[in-house]
Amino acid sequence: MSKPYVLHILTPGKNVSPFDVNMAYDAGWQAVHGYCGIDANEITGLVQDAIFSRGPKGVKRTGIFIGGRDAGLSMDMLQTAREAMVPPFEVSVFADPSGAFTTAAALVAKVEQALHVAHHMGMDDLRCLVFGGTGPVGTAAAVLAAKAGAHVTIVSHSSLDAAQAACDTNSDRYGVRLDAGDGSRPERKRELLHEADLILAVAKAGVEVVGLDDLALARRLKVVADVNAVPPAGVSGVAPHADGVAIAGAVEGAIGVGALAVGALKYRVQHELLIQMRESDQALDLHFGQAFEMARRYVQ
Ligand SMILES: NC(=O)c1ccc[n+]([C@@H]2O[C@H](COP(=O)([O-])OP(=O)(O)OC[C@H]3O[C@@H](n4cnc5c(N)ncnc54)[C@H](OP(=O)(O)O)[C@@H]3O)[C@@H](O)[C@H]2O)c1
């Protein structure tokens, strides 16, 4: 009898995400087990427990998924998990905390697609505001947009200091330039909007970060992408189903991509990566980089 495909979900949170459990079963994992409240220093022990029990054949049918709420911590956990493995007892590891990595990958790929179709350009040198860029989705989206060539400003509604802290942490970690924007003062936010080519709305669900009046100030605006599916929309006029359509009230030529259009691609990417890690003969490290490569391939 062949051994079942077993996925171990490790999370610092108090519960594993039901979304991820469903996704794992739907991608063909036959047993999915969650470990909650995990500290970074417990990863090595748990990973070694998982890899040494099944023999070389069984280990190929074993995988590790890392959840949580913190993008940096989940990247550290992925690295620790990889270092804990002893060839040939190596398994694939997929980090996607709160779906942030696959969501950010889909978001930035959809922005590239919209820019290409409507404006015949890439993200190079465009000014990109990331509202809510201090959160897990925003962190990954800011880094991916910067790697794609945009001048990225992380905007925090709390304070400039909060935005600066996120920029410092992630610039160092990923080797990209990120600028901080003060979204706590309406006049500063408007100044930022004057210069924006792109807006990524990745703030907490159910929060409008740019209203109609402010949106009209963004005279260079080309694409707005919003991942918030809970009303009201993150950016006024960007409907959840919007997929490259004009935004009422914005400058002519500005187009919107809504949460459901991003979500459809995110779902596809997460599903495919879960299948890839189950089927691959190689032990894979999967995070927002691989998710972005796949999302880009799908939109092309
Ligand atoms: N479409 C999809 O497939 C999909 C998948 C996953 C997640 N999502 C969505 O992605 C978004 C981001 O998720 P997340 O987990 O990264 O979010 P999060 O951690 O809940 O929030 C992100 C940031 O939003 C800002 N924020 C909080 N309250 C705010 C307020 N009242 N006004 C303005 N900003 C506020 C905070 O930053 P500052 O305090 O620094 O401003 C926070 O760091 C959510 O809307 C989520 O529902 C979509």
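Here is what the cut-offs are and how they apply
Throughout this description, residue numbers start from 1 for each chain and increase along the sequence as written. Given that this is a predicted model, residues contribute local features only at a pLDDT of at least 70 and side-chain atom pairs are listed and counted only at 80 or more, while totals for whole chains, interfaces and linings are drawn from all residues. To obtain the side-chain values, all non-hydrogen atoms of the structure were used and water was disregarded. Definition of nonpolar core: a set of buried residues of the types Ala, Val, Leu, Ile, Met, Phe, Trp, Tyr and Cys, connected through side-chain atoms within 4.5 Å. Partly exposed residues are those whose accessible area sits between 20% and 50% of the maximum for their type, while under 20% is buried and over 50% is exposed, using a 1.4 Å probe and protein chains only. Helix and strand assignments follow DSSP, with helices taken as H or I runs no shorter than four residues and strands as E runs no shorter than two, numbered in order from the N terminus. Just so you know, the domain bounds were taken from an automatic or database domain assignment. Contacts are assigned to residue pairs with any non-hydrogen atoms lying within 4.5 Å of each other. Take the accessible area each of two parts loses on contact, using a 1.4 Å probe, and add the two losses: that sum is the buried area. Interaxial angles span 0 to 180 degrees and are taken between N-to-C directions of axes, which are lines fitted to C-alpha atoms, for helices over the stretch in contact. These descriptions rest on fixed angle ranges, namely under 35 degrees for roughly parallel, over 145 for roughly antiparallel, 65 to 115 for roughly perpendicular, and the rest for oblique. Crossing handedness is defined as follows: a turn of the near helix away from the far one that is anticlockwise and smaller than a right angle gives a left-handed crossing, while the clockwise case is right-handed. Three classes are used, and their members are as follows: Ala, Val, Leu, Ile, Met, Phe, Trp, Tyr, Cys and Pro are nonpolar, Asp, Glu, Lys and Arg are charged, and the others, Gly among them, are polar. A carboxyl oxygen of Asp or Glu within 4 Å of a side-chain nitrogen of Lys or Arg is what we treat as a salt bridge. Every definition here rests on a 1 Å grid over the protein atoms only: cavities are sets of points where a 1.4 Å probe fits but cannot get out, pockets are open sets enclosed by protein on both sides within 12 Å along at least five of seven lines, and lining residues have some atom within 4 Å of a point. Grid points are joined across faces, edges and corners, and a volume is the space filled by probe spheres set on the points. Note on definitions. A residue lies near a molecule or strand when any single heavy atom of the residue is within 4 Å of it. Two N or O atoms count as a polar contact when they lie within 3.5 Å, although within protein this holds only if one can serve as hydrogen donor and the other as acceptor, and sequence-adjacent residues are included solely when both atoms are side-chain atoms. Working definition of accessibility: Shrake-Rupley area with a 1.4 Å probe, residue cover restricted to the visible protein chains. Grid points define the cavity or pocket, and a molecule sits in it when more than half of its atoms lie within 2 Å of them.

## Let's talk about the nonpolar core
- Counting 87 residues, the largest nonpolar core has Leu 7, Trp 29, Val 47, Met 123, Val 152 and Leu 274 as its most contacted members.
- Tallying contributions element by element places helix 5 (residues 100-119) first for this core, with 11 residues.
- The residue makeup of this core includes at least three contributed by each of domain 1 (6-99 + 267-299) and domain 2 (103-262).
- Dropping the residues within four chain positions of it, Val 47 is found in contact with Leu 10, Ile 64, Ala 81, Ala 84 and Met 85.
- Core analysis: the next-biggest nonpolar cluster, separate from the first, contains 20 residues, Leu 129, Leu 193, Ile 199 and Val 224 among them.

## Some details on the domain arrangement of the protein chain
- Domain assignment breaks the protein chain into domain 1 (6-99 + 267-299) and domain 2 (103-262).
- With centres defined by C-alpha atoms, the gap from domain 1 to domain 2 works out at 29 Å.
- Opposite the 12 residues of domain 1 that make contact, domain 2 presents 16 residues.
- When domain 1 packs against domain 2, close to 1300 Å² is buried across both sides, 66% of that on carbon and sulfur atoms.
- Of all residues in domain 1, Phe 288, Phe 292 and Val 299 bury the most surface against domain 2, accounting for 46% of the area lost on that side.

## Observations concerning the packing of helix 5 against helix 6 (residues 136-147)
- Where helix 5 contacts helix 6, the axes come no closer than 8 Å and their chain directions differ by 45°. By the angle class used here, helix 5 and helix 6 are oblique. Of the two elements, helix 5 crosses helix 6, and the hand of that crossing is right-handed. Judged by residue contacts, Ala 100, Phe 101, Thr 103, Ala 104, Ala 105, Leu 107 and Val 108 of helix 5 engage Pro 136, Val 137, Ala 140, Ala 141, Leu 144 and Ala 145 from helix 6.
- Taken together, the residues of the contact of helix 5 with helix 6 sort by class into 12 nonpolar, 1 polar and no charged.

## Focus: the pattern of salt bridges
- Following the criterion strictly, the structure yields 12 salt bridges and no others.
- We note a salt bridge from Glu 195 to Arg 127, for which the minimum N-O separation is 2.7 Å. One end of the pair, Glu 195, is in the loop between helix 8 (186-194) and strand 8 (198-201); the other, Arg 127, is in strand 5 (residues 127-131), and 68 residues separate them in sequence.
- A residue is classified by how much of its surface remains accessible, and Glu 195, at 36% relative accessible area, is partly exposed.
- Owing to a relative accessible area of 37%, Arg 127 belongs among the partly exposed residues under this scheme.
- We note a salt bridge from Arg 177 to Asp 179, for which the minimum N-O separation is 3.0 Å.
- Given the relative accessible area of 63%, Arg 177 is considered exposed.
- Three or more residues are tied together by salt bridges with common partners; here these are Asp 182, Arg 185 and Glu 187.

## Some remarks on the layout of surface pockets
- Looking at the largest pocket, its volume works out to about 560 Å³.
- Arg 69, Ser 98, Thr 103, Val 137 and Val 227 are, among the 24 residues lining the largest pocket, the residues nearest its centre.
- Of all the secondary-structure elements, those providing two or more residues to the lining of the largest pocket are helix 1 (18-26), helix 6 and helix 10 (259-279).
- Taken together, the residues that form the lining of the largest pocket break down as 12 nonpolar, 8 polar and 4 charged.
- Counting only domains with at least three residues in the lining of the largest pocket, you end up with domain 1 (6-99 + 267-299) and domain 2 (103-262).
- A volume near 310 Å³ is recorded for the second largest pocket.
- In terms of lining, the second largest pocket is formed by 16 residues, of which the most central are Gly 132, His 157, Ala 203, Lys 204 and Val 209.

## As for the site of the ligand
- In the region of the ligand, 21 residues are neighbours, and Arg 69, Thr 134, Ser 156, His 157 and Ser 158 sit closest.
- At a separation of 3.0 Å, an oxygen atom of the ligand approaches a polar backbone atom of Val 137.
- Contact with the protein chains removes 76% of the 920 Å² of surface that the ligand exposes when unbound.
- Judged by the proximity of its atoms to the pocket grid, the ligand belongs to the largest pocket.
- Of all the secondary-structure elements, those providing two or more residues to the shell around the ligand are helix 6 and helix 10.
- Considering each element in turn, the shell around the ligand owes the most residues, 3 residues, to helix 10.
- The class makeup of the residues in the shell around the ligand is 9 nonpolar, 9 polar and 3 charged.

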